Each structure stands twice: as structure tokens, then as C-alpha cells.
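Fold and geometry: a report
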Amino acid sequence: MEKEKKKKVMVLIPTYNEKDNIQELINEILDLPLNFDLSVLIVDDNSPDGTGEIAKAMTERDKRIQVVIRMKRRGRGAAGIDGFKTALKLKPDFVIEMDGDFSHQPRFIPLLLKHGETNDIVLGSRFVKGGKDLNRSILRKFVSFFAINFVRYQLHIPIKDITSGFRCFKRNVLEKVDLDDLISVGPSIVQEILYKAFLMNFKIKEVPITFIDRKKGKTKLGLLTIIETLIMILKFKKIYSVSYLKNRV
Ligand SMILES: Nc1nc2c(ncn2[C@@H]2O[C@H](COP(=O)(O)OP(=O)(O)O)[C@@H](O)[C@H]2O)c(=O)[nH]1
Ligand SMILES: [Mg+2]
């Protein structure tokens, strides 16, 4: 009997100054007991702390690791788009996107994949039954609450944890959303792809995760970035509501 071919999963991690997390995170992901052909793609924006070099050195020892170092403009959004494009060339069945600071714990990857078979996008969510948001400062929780409700109100999208960047995509979702047509350079990329996929009627499911605060390194999300993100959401809402609603009539 022919040996069953394992499905291919690529885990995409955009990084900027994650030197204290990157090695342990990659190892933890690759050690997961999964019946998939698993690989990790790091998209680093030439981090001054050497994250990219640390990850590159790991590729020598393990062919399941790939690293893209972007030399030009920095940005979580642009890094994500480049990462998706690189991943798509390798025709994975699923692409998982997650942060590089352990807030998104590798132990939830099997759950995302389990629901990935029957859904187009699976989101790791803090706000469905069983989900948790641990250790965050009150200020951070407040900002998060405000941002989530603002975005949900603006986009009318029935997702509880709309800021979650821990998710699993079927390849065809990423092929269909037209990555060249996204306008986000920063973190709003997470909502922009989700919104587009929602307007295109892809099936989205939230599964519970426990989100923990980063233990090492610093957040790159300052007040200015949060404001930029919210403005960007209003911008793409306008663009897509015109183009997609027109197509739907
Ligand atoms: N490549 C790249 N990654 C970024 C950039 N900004 C943030 N990241 C990564 O995106 C993820 C989330 O960023 P983080 O600072 O933890 O944001 P927070 O979780 O909202 O506080 C982490 O893996 C960061 O290293 C960037 O400009 N370029
Ligand atoms: Mg973080």
C-alpha cells in the first residue's frame, strides 16, 4: 500500500527583536507531536538584536526552518504579506500565523489544525468559552477591549477576538484574498485579511486559547501604532465595502 502523504503545515512568525524568544519558540513548535509535515518560516525585519541571524544559524541544523530577512521598510503587515507569499510558493495545505513572543503558545497549534480541516480560517481566541487572557496589565486590557469593540462595531463582523494574530489558514484563502491588494503596512494586516476573507464568505471558526503576556523582550505596539491601526481599519473598510458590496448586488 502506498504510504499516506502527510499534509504540509507552515508556521509563519514575523519577528522584530525577539532574540530571547526565537530559538526556544522554533524548537517548541518543531517538537510538537503532529502527524503533519511541519516547517517554520521566520520573517525578520533585520532586527538590530540579531534575531534574524540566530534563526538563520538554526537553518543549518534543521531543514524545516526557513528565514527571510527583509532589509527595507519595517512593518508587521508587510512582513506578514511577504511571509504568506513565500509560504504559498511551497504549496502548504495550511499556513499558521503566530507571534514570536510566546503570547501564542505552540501547544495550541494541534487544536487549530484539528479545526482547520472543516473551516477556512481558525482563530485562536481569548473570548470564546474556555479561552483566557492572562497576565495583562489593566491598561493593556482596557486598550484591547476598546480596540476590539471599535473594530467589531466598524466592520460588523461576528468574531469575538478580532485582534487575534494566532490563526490557521487553508492555502486557498491566502490565494484568493489577493495579497498584492492589501493596504496595511502595520498590525492592521491581521484584521484586513480577516475582513476580506469574511466578505468573501470563507468559513471562520474561533477556538479557545490561553493568551499569556510576553515574558521576554518588549512589545512594539505603542499608542501611535494603535491609533494608526484604527485609522487603517476605517480606510480599508471604506475600500472593501464599496468594491465587495458592489460585486454582491
Ligand atoms: N517582521 C516584523 N515583525 C514585527 C514587527 N513589529 C512587530 N513584529 C512581530 O509581531 C509580533 C507581535 O508584536 P508585539 O510587539 O508582540 O505586539 P503585541 O503582541 O501587540 O504587543 C511579534 O512576533 C513581533 O516580533 C515588524 O515591524 N516587523
Ligand atoms: Mg506580543
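A few points on the structure. If you're wondering where the values come from, they're calculated on a predicted model, not measured in any experiment. (Residues numbered from 1 in each chain as written. Chains lettered and ligands numbered in written order. Predicted model: local features only at pLDDT ≥ 70, side-chain atom pairs only at ≥ 80, totals over all residues. Heavy atoms only, no water.)

Further remarks concern the overall build of the chain. In terms of helices and strands, the chain carries eight helices and nine strands. A globule of 249 residues ought to have a C-alpha radius of gyration of about 18 Å, and the chain, at 17 Å, matches this closely. Based on the C-alpha atoms only, the size of the chain along its principal axes is roughly 50 × 45 × 40 Å. Burial status across the chain gives 51% buried among its 249 residues. Here the analysis covers contacts within the chain between residues at least 6 apart in sequence; of these, 82% occur between residues at least 24 apart. (Helix = DSSP H or I, 4+ residues; strand = E, 2+ residues; numbered from the N terminus. Rg over C-alpha atoms; globule rule 2.2 N^0.38 Å. Buried < 20%, exposed > 50% of the residue type's maximum accessible area, 1.4 Å probe, protein only. Contact = heavy atoms within 4.5 Å.)

It is worth spelling out the packing of helix α1 (residues 22-30) against helix α2 (residues 51-61) at this point. For the pair α1 and α2, the least separation of the axes is 10 Å and the interaxial angle reads 35°. Helix-helix and strand crossings are classified by hand; for α1 and α2 the assignment is right-handed. Across the interface between the two elements, Ile-22, Gln-23, Ile-26 and Asn-27 from α1 touch Thr-51, Ile-54, Ala-55, Met-58 and Arg-61 from α2. Here the residues of the contact of α1 with α2 sort into five nonpolar, three polar and one charged. (Axes fitted to C-alpha atoms, helices over the stretch in contact; angles between N-to-C directions. Left-handed = near helix turned anticlockwise from the far one by under 90°. Nonpolar A, V, L, I, M, F, W, Y, C, P; charged D, E, K, R; others polar.)

What follows deals with the site of ligand 1. The environment of ligand 1 is formed by 18 residues, the closest being Pro-14, Glu-18, Gly-100, Thr-219 and Lys-220. Contact distances for ligand 1 include 3.1 Å between a nitrogen atom and a backbone N or O atom of Thr-15. Contact with the protein chains removes 91% of the 570 Å² of surface that ligand 1 exposes when unbound. Among the secondary structure elements, those contributing two or more residues to the shell around ligand 1 are β1 (8-15) and α3 (76-89). Within the shell around ligand 1, the residues separate by chemical class into five nonpolar, four polar and nine charged. (Near = heavy atom within 4 Å. Polar contact = N/O pair within 3.5 Å; in protein donor to acceptor, adjacent residues only side chain to side chain. Areas by Shrake-Rupley, 256 points an atom, 1.4 Å probe, with all protein chains shown as cover.)

Within this model, the largest pocket holds a volume of roughly 1,300 Å³. Lining the largest pocket are 49 residues, and of these Asp-99, Arg-140, Pro-187, Thr-219 and Leu-221 lie nearest its centre. Every element with two or more residues in the lining of the largest pocket is listed here: β1, α3, α5 (138-155), α7 (189-199) and α8 (223-248). Each residue belonging to the lining of the largest pocket can be placed in one class, and the counts come to 18 nonpolar, 17 polar and 14 charged. (1 Å grid on protein atoms, 1.4 Å probe; cavity = no way out; pocket = protein on both sides within 12 Å on 5 of 7 lines; lining within 4 Å. Points joined across faces, edges and corners; volume = space filled by probe spheres on them.)

Turning our eyes to something else, we now look at the pairing of strand β3 (residues 65-69). Where strand β2 (residues 37-44) and β3 come together, five bridges link them in parallel fashion. Opposite Val-43, over in β3, you have Val-68 as the bridge partner. On the question of chirality, the crossover connecting β2 to the parallel β3 by way of α2 is right-handed. (Pairing = 2+ DSSP bridges. Right-handed = clockwise from strand over helix to strand, strands pointing away.)

With that settled, consider a nonpolar patch on the surface. Side chains of Leu-223, Ile-227 and Ile-231 sit close together on the surface and give an oily, nonpolar patch of about 300 Å² of accessible area. If you trace the backbone, Leu-223 turns up in helix α8. Residue class for Leu-223 comes out exposed when judged on its relative accessible area of 64%. (Patch = residues over 30% accessible without salt bridge, like charges linked within 9 Å, V, L, I, M, F, W, Y side chains within 5 Å. Salt bridge = Lys/Arg side-chain N within 4 Å of Asp/Glu carboxyl O.)

Attention now goes to α5. Side chains of residues three or four places apart in an α-helix project in the same direction, reflecting 3.6 residues per turn. In this model α5 runs 26 Å from its N-terminal to its C-terminal C-alpha over 18 residues, within 8% of the 26 Å that 1.5 Å per residue would give. At the C-terminal side of α5, His-156 shows a positive phi close to 50°. (Expected span 1.5 Å × (residues − 1).)

Here we take up the pattern of salt bridges. On inspection of all chains with the given rule, the structure shows 16 salt bridges. Of the charged contacts, one joins Arg-70 and Asp-45 as a salt bridge, the two residues approaching to 2.6 Å between their closest N and O atoms. Highlighted residues: Arg-70 in the loop between β3 and α3 and Asp-45 in the loop between β2 and α2, separated in sequence by 25 residues. The same class applies to Arg-70 and to Asp-45, which are both buried. The shortest N-O distance in the salt bridge between Glu-175 and Lys-91 comes to 3.7 Å. Note that Glu-175 is positioned in helix α6 (residues 171-176) and Lys-91 in the loop between α3 and β4 (94-97), a separation of 84 residues in sequence.

A separate point is the sheet that holds strand β8 (residues 204-208). Taken together, the seven strands give an open sheet; going across it, the order is β3-β2-β1-β4-β7-β5-β8, and neighbouring strands pair in mixed fashion. The outermost strands of the open sheet, each flanked by one partner alone, are β3 and β8. For this sheet, the mean angle separating the axes of adjacent strands, direction not counted, is 20°. The pairing of β4 with strand β7 (residues 167-170) spans four bridges and is antiparallel. Bridging across to β7, Glu-97 finds its partner in Arg-167.

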